[in-house]
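Geometric and topological summary
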Amino acid sequence: PSRSEPRHLCRPALSLHSRSAARALRRMSMLRANFQSFLLGTTASLGAGYYFLHQDIWRSADLLGESLGSMVTASTSKTIALEQRVAKLEGEVAALKATR
């Protein structure tokens, strides 16, 4: 092509069929790009959600373990006190039976 001719005259004219095919191809590539963005966003948010859920579960398990540990300590001391009281009462009952 010579420099004096406009560029659009040098190119072969696109037929109606090839224009619609080009538009469809553009639409498909946009759809693909949008879908890939959607998948990337979904994957990232699911990964972050899983990470935070995992951290919350471990924190909850630690708190429950601490709570159960303190409950065991408290119940053990109460059980020992009750066993001592029962032993004392059994001794008193035995003494009363002996005096009859």
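Residues numbered from 1 in each chain as written. Predicted model: local features only at pLDDT ≥ 70, side-chain atom pairs only at ≥ 80, totals over all residues. Heavy atoms only, no water.

1. Considerations on the overall build of the protein chain
Under the convention used in this document: Segments assigned H or I by DSSP are reported as helices when at least four residues long, segments assigned E as strands when at least two residues long, and all are numbered from the N terminus. Only protein chains enter the calculation, and the probe is 1.4 Å; a residue is then buried if its accessible area is under 20% of its type maximum, exposed if over 50%, and partly exposed in between. Reported accessibility uses the Shrake-Rupley method at a 1.4 Å probe radius. Residues are deemed covered only where the shown protein chains occlude them.
Along its length, the protein chain carries two helices and zero strands. Out of the 100 residues in the protein chain, the part that is buried amounts to 0%. When the accessible surface of the protein chain is totalled, it reaches about 9600 Å², and 66% of it is carbon and sulfur.

2. Some points on a positive patch on the surface
Quick reminder of the rule: Exposure above 30% relative accessible area and the absence of a salt bridge qualify a residue for a patch, where like charges join within 9 Å and nonpolar side chains (Val, Leu, Ile, Met, Phe, Trp, Tyr) within 5 Å. The salt bridge definition used is simple: a Lys or Arg side-chain nitrogen within 4 Å of an Asp or Glu carboxyl oxygen. Counting rule applied: Lys, Arg positive; Asp, Glu negative; His and chain ends not counted. Charge positions come from single atoms, namely NZ of Lys, CZ of Arg, CG of Asp or CD of Glu.
A contiguous patch of positive charge, built from Arg19, Arg23, Arg26 and Arg27, is present on the exposed surface. Looking at the secondary structure, you find Arg26 in helix H2 (residues 16–99). Judged by relative accessible area, Arg26 falls into the exposed class, the value being 52%.

3. Observations concerning the packing of aromatic side chains
Test applied: Pairing of aromatic side chains requires ring centres within 6.5 Å, counting the rings of Phe and Tyr and the six-membered ring of Trp. Pairs whose planes differ by under 30 degrees are stacked, by over 60 edge-to-face, and all others tilted.
Overall, the coordinates contain two aromatic pairs when judged by the stated rule. Taken together, a centroid distance of 5.4 Å and an interplanar angle of 70 degrees make the contact between Tyr51 and Phe52 edge-to-face. Given the relative accessible area of 47%, Tyr51 is considered partly exposed. Judged by relative accessible area, which is 52%, Phe52 ranks as exposed.

4. Considering a nonpolar patch on the surface
On the surface, a nonpolar cluster with roughly 320 Å² of combined accessible area is contributed by Phe35, Phe38 and Leu39. The topology assignment puts Phe38 in helix H2. The class for Phe38 is exposed, based on a relative accessible area of 53%.

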